[in-house]
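Now for the letters of each chain:
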Amino acid sequence: MTELRHGDDPEPPEPFPAGSLYVPVRPGPSGCAVRLFRTPLGERTAVGFTSVRRLTVTLGSGHAYIRLAGAELRTLTAPLGITVLTVDPQFTAPASATVPPAAPAAARAPRTARIA
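Described in the following lines is the structure provided in the data block. (Residues numbered from 1 in each chain as written. Predicted model: local features only at pLDDT ≥ 70, side-chain atom pairs only at ≥ 80, totals over all residues. Heavy atoms only, no water.)

## A few points about the nonpolar core
Inference 1: With eight residues, the main nonpolar core is built from Leu21, Val23, Val34, Ala46, Leu68, Leu73, Leu85 and Val87.
Inference 2: The next biggest cluster of nonpolar side chains, apart from the first, holds six residues, and it includes Tyr22, Val47, Phe49 and Leu59. (Core = buried A, V, L, I, M, F, W, Y, C linked by side-chain atoms within 4.5 Å. Buried < 20%, exposed > 50% of the residue type's maximum accessible area, 1.4 Å probe, protein only.)

Here is the structure:
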């Protein structure tokens, strides 16, 4: 029986492209920290891009990044309970705006006017 090569394997062990990814980072107390995102359903995910151009198109210019292999990124985020790795996401939503706290119910009650 012939051995299957990676290209012939119907289920390769790594579902994403081999090689390094461009991973968005932010400054942290010990250097850089990997930026984590959420999927549309709210699950936490690590994100990597296959090119700087794709990172810039999706997140905008000026984002710091490092190069990591997909397996390394999974190893870094596994202790945080993150099991999803998203490669080349097409859409990102802006961070949610801070909503001011709601006023107490008494303050929101409509005022009545006195009729003389």
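## Re helix α2 (residues 70-77)
Inference 1: Residues Gly70, Leu73 and Thr77 constitute the buried set of α2. Seen along its axis, α2 keeps its buried residues to an arc of 60°; they face one direction.
Inference 2: Tucked into the core, α2 has its buried residues touching β1 (20-28), β2 (31-34), β3 (36-38), β4 (44-48), β5 (65-69) and β6 (84-87). (Helix = DSSP H or I, 4+ residues; strand = E, 2+ residues; numbered from the N terminus. Arc of directions from axis to C-beta. Contact = heavy atoms within 4.5 Å.)

## Details of the pattern of salt bridges
Inference 1: Here the structure, examined in full by the defined rule, presents one salt bridge.
Inference 2: In this structure, aspartate 88 and arginine 54 form a salt bridge, with 2.9 Å as the shortest nitrogen-oxygen distance. Taken together, the residues aspartate 88 in the loop between β6 and α3 (105-108) and arginine 54 in helix α1 (residues 52-59) connect sequence positions 34 residues apart.
Inference 3: Owing to a relative accessible area of 38%, arginine 54 belongs among the partly exposed residues under this scheme. (Salt bridge = Lys/Arg side-chain N within 4 Å of Asp/Glu carboxyl O.)

No statement about biological role is implied by the geometric values presented.
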